[in-house]
Amino acid sequence: MSPSTKVDVDVKALARHLHEANRDRRLVARLTDDHPDLTLEQGFEIQLALRKRHLKEGARLVGAKLGLTSRAKQAQMGLAAPVHGFLTDAMRLETGEPLVVAALGQPRVEPEIAFVMGRDVSGPAVTATEVLAATEAVCPALEILDSRYPDYKFTLADVVADNTSAGRFVLGTTLTAPSGIDLRLVGCVFERNGALAGTAAGAASLGHPAVAVAALVRELAARGEGLPAGAVVMSGGLTEAVPVSAGDVIGVRFDRLGAVELACV
Ligand code: OOG
Ligand code: MG
């Protein structure tokens, strides 16, 4: 068999495997341990099957997330290409709602700028300008990652299959129209228990968070999908993610966009 030949994998069975591990809060071996030839495309097929399982169980699709868009994140994970995943209502924490650490396996938190789309946006050639025009508001956000793989050690195909480690997310309450704001320059201060955990500016995510969202929309177009009005998009972690335990308080404060805080219990 030539190295480029796609080796068949049981996409549905692997999605079920990851889904059940998530439900039972178990960590599992990387898929590539058993399937070393797993391709990125197969990773996406598994993610899609996983999404179907979430929706079948009653979750509602509320948006999408980017991952590995900043140098800080790429260096932390040892992977150099952006990826994307899906967000459901079950992953969303209300503002002020604590994160129950025991509900997750190995949570890590990272600061992001979230987009709330005001109009549908789709297409294989969408630009950052078009994304901004379709954006109702941006807001400060925290993503709570929860990889199924021990110590977050994975390949791109593994992490894509695992819905890019999506665990929970929380949005700040301040919604700001993006017009007139250069999102590249929006700085943030990320803190854990009052101690500085990282600093960044919006440009950390692929040069401009809207460039990242446009890249996501183009990727979705290749799969016949887009972002509907109302969709929430997490535009990518700006700093390294930090592990959290019960008792921790995590906060991010952005210039111009406001702040969001998360208590871990
Ligand atoms: C993969 C997901 C990365 C981001 O914003 O960079 C991500 C991981 O780090 O486990 O969500
Ligand atoms: Mg993230």
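Right, let's walk through the structure included here. Keep in mind it's a predicted model, so treat the numbers as computed, not measured.

### A short note on the overall build of the protein chain
Turning to step 1, where the next piece is worked out: Each helix and strand counted, the protein chain has seven helices and 12 strands in total.
Turning to step 2, where the next piece is worked out: In terms of overall dimensions, the protein chain has C-alpha extents of about 55 × 45 × 35 Å along its principal axes.
Turning to step 3, where the next piece is worked out: Across the 265 residues of the protein chain, 51% fall into the buried class.
Turning to step 4, where the next piece is worked out: Working note: accessible area of the protein chain is about 11,600 Å², and carbon and sulfur atoms make up 51% of it.
Turning to step 5, where the next piece is worked out: Mean positive and mean negative side-chain charge positions of the protein chain (27 and 31 charges, respectively) differ by 1 Å.

### A short note on helix α1 (residues 11–23)
Turning to step 1, where the next piece is worked out: If you check α1, its first and last C-alpha atoms are 18 Å apart, about what 13 residues at 1.5 Å a residue would give, namely 18 Å.
Turning to step 2, where the next piece is worked out: Turning to α1, its buried residues number three or more, namely Val11, Leu14, Ala15, Leu18, His19 and Ala21. Within α1, the buried residues cover an arc of 160° as seen down the axis, which keeps them to one side. Pointing more than 90 degrees away from the buried face of α1 are the exposed residues Lys12 and Arg23.
Turning to step 3, where the next piece is worked out: Considering only its buried residues, α1 is in contact with α2 (31–34), α3 (40–56) and α6 (156–161).
Turning to step 4, where the next piece is worked out: Just downstream of α1 lies Arg25, where phi reads positive at about 55°.

### A word on the environment of Ala81
Turning to step 1, where the next piece is worked out: Tracing the backbone shows Ala81 in the loop between α4 (71–77) and β2 (83–88).
Turning to step 2, where the next piece is worked out: Placed 11 residues apart in sequence, Ala81 and Ser70 show a C-alpha to C-alpha distance of 9.5 Å.
Turning to step 3, where the next piece is worked out: The contact partners of Ala81, leaving out residues within four places of it in the chain, are Gly67, Leu68, Gln74 and Leu156.

### Overview of the site of ligand 1
Turning to step 1, where the next piece is worked out: Not every one of the 17 residues close to ligand 1 is listed here, only the nearest: Leu68, Lys73, Glu110, Ser165 and Gly237.
Turning to step 2, where the next piece is worked out: Measuring from an oxygen atom of ligand 1, one finds a side-chain N or O atom of Glu112 at 3.0 Å.
Turning to step 3, where the next piece is worked out: Ser165 has a polar side-chain atom sitting 2.7 Å from an oxygen atom of ligand 1.
Turning to step 4, where the next piece is worked out: Going through the elements one at a time, β1 (61–67), α4, β4 (108–117) and β5 (135–145) are the ones with two or more residues in the shell around ligand 1.
Turning to step 5, where the next piece is worked out: Per-element tally for the shell around ligand 1: the top contributor is β1, with three residues.

### Remarks on the coordination of the magnesium ion (ligand 2)
Turning to step 1, where the next piece is worked out: Looking at the metal site, the magnesium ion (ligand 2) is ligated by Glu110 (OE), Glu112 (OE) and Glu143 (OE), spaced 2.0 Å from it.
Turning to step 2, where the next piece is worked out: Between consecutive donors of the magnesium ion (ligand 2), the numbers of intervening residues give the motif E-x1-E-x30-E. Of this pair, Glu110 sits in strand β4 while Glu143 is found in strand β5, placing the two residues 33 residues apart along the sequence. Comparing Glu110 with Glu143, the two get one shared label, buried.

Conventions adopted
Residues numbered from 1 in each chain as written. Chains lettered and ligands numbered in written order. Predicted model: local features only at pLDDT ≥ 70, side-chain atom pairs only at ≥ 80, totals over all residues. Heavy atoms only, no water. Helix = DSSP H or I, 4+ residues; strand = E, 2+ residues; numbered from the N terminus. Buried < 20%, exposed > 50% of the residue type's maximum accessible area, 1.4 Å probe, protein only. Areas by Shrake-Rupley, 256 points an atom, 1.4 Å probe, with all protein chains shown as cover. Lys, Arg positive; Asp, Glu negative; His and termini not counted. Charge placed at Lys NZ, Arg CZ, Asp CG, Glu CD. Expected span 1.5 Å × (residues − 1). Arc of directions from axis to C-beta. Contact = heavy atoms within 4.5 Å. Near = heavy atom within 4 Å. Polar contact = N/O pair within 3.5 Å; in protein donor to acceptor, adjacent residues only side chain to side chain. Donors = N, O, S within 2.8 Å, 3.2 Å for Na, K, Ca; no water.

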